[in-house]
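Architecture and fold: a report
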Amino acid sequence: MKPSQKEAISQKIKTFAEALGFMACGISKAGFLEDAAPRLEEYLKNNRHGEMRYMENYFDKRLDPTLLVPGAKSVISFLYNYYPEEKIDAQNGFQIAKYAYGLDYHDVLKEKLRTLVAMLEEEIGAFEHRVFVDSAPVLERAWAERAGLGWIGKNGNLLAKKSGSFFFLGEIICDLELIYDHPTTDHCGNCRKCIDACPTQAIIAPKVLDGSKCISYLTIELKNEISTEFTGKMGDWIFGCDICQDVCPWNRFSVSNPASWLQPHPKLLELNKKDWQDLTQETFSQIFRKNPVKRTKYTGLMRNIEFVMKQDMKDSEDEKMMKL
């Protein structure tokens, strides 16, 4: 393929991405992620993935996209802004991560990427590809960093200067030879707000996360009971956590996305703590049927609420004692 053709197709992909609502698109050359290999190995060896045993599978495929798509030449990375227009009341209700306010992003974004592929194939013909959205052994942040879409912050999230970190990631791995973007530089400097703010001390060093201590892990991935060592450290978070993102200075540039599928179910905004505690299986199914929170199932969410409430009751008792 001539350079001019590669340039034209690469630009077309980015134009289509913008038309479909993606905030950014970058392209990197498919190949072995040599830098990521020792970090992934150390992460697994130190059991920082907790009960997420699936991370031990497909080690080679996580590092080499050509094992996922034979003949792959390019990894096209996408960012999709999910910062909400309206937020859950932090004073009166429990908290869920902002990404989980609306519909399940896996389904919506996969469909968008498939649409992009169809648009591109109308222009250039069929090509070998696979679409990924946080559901396969792909090191998404590493590829997005290679494609120049941002840098890995001290909290382990991908950060972008103009938009922060409240975005989903997705990829198209394909056999097209394209024009490749270049990585950007790290702009965290001496800032350590995310490290200091993490109530469970899950960020054990810059860019080193002990996933087994992360509130997102404890409230979503962990299937057993939450350890008492985390009592009083989880605030009001019952599904996921945004603390390390909320304190990040780069997220002052976050702009809300009005897309209807990202907006919370009306009932979700009305729930106070008593409503959450009294939540029934029927109401859970009604609110979260097409929402990421369904991953915890009703029993998992109620476990989280009960655990967080233990601290609320203890705080209330301590307050009464201080008044005596």
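Small disclaimer: the values here were computed from a predicted structure and weren't measured.

Note that D242 resides in the loop between β10 (237-239) and α8 (243-246). Judged by relative accessible area, D242 falls into the buried class, the value being 1%. Excluding its chain neighbours within four sequence positions, the residues that come into contact with D242 are I96, A97, K98, F166 and W237.

To continue, consider the pattern of salt bridges. Enumeration according to the criterion identifies 13 salt bridges in this entry. E221 is paired through a salt bridge with R295; the nearest N and O atoms lie 2.9 Å apart. Taken as a pair, E221 in helix α7 (residues 215-221) and R295 in the loop between α11 (281-288) and α12 (297-323) lie far apart in primary sequence, 74 residues in all. Note that K273 and D236 form a salt bridge whose closest N and O atoms lie 3.1 Å from each other. With a gap of 37 residues between them, K273 in helix α10 (residues 273-277) and D236 in the loop between α7 and β10 connect regions that are remote in the sequence. Overall, D236 belongs to the buried group, its relative accessible area being 18%. One salt-bridge network, held together by shared partners, links K98, D242 and D246.

Turning to helix α2 (residues 36-45), a few remarks are in order. Of all the positions in α2, only A36, A37, L40, Y43 and L44 are classed as buried. Down the axis of α2, the buried set is contained in an arc of 130 degrees. They therefore lie on one face. When the buried face of α2 is taken as reference, the exposed residues oriented beyond 90 degrees from it are R39, E41 and K45. Buried positions along α2 lie against α3 (59-63) and β9 (208-209).

Calculation notes
Residues numbered from 1 in each chain as written. Predicted model: local features only at pLDDT ≥ 70, side-chain atom pairs only at ≥ 80, totals over all residues. Heavy atoms only, no water. Helix = DSSP H or I, 4+ residues; strand = E, 2+ residues; numbered from the N terminus. Buried < 20%, exposed > 50% of the residue type's maximum accessible area, 1.4 Å probe, protein only. Contact = heavy atoms within 4.5 Å. Salt bridge = Lys/Arg side-chain N within 4 Å of Asp/Glu carboxyl O. Arc of directions from axis to C-beta.

Geometric values such as these leave the question of function open.
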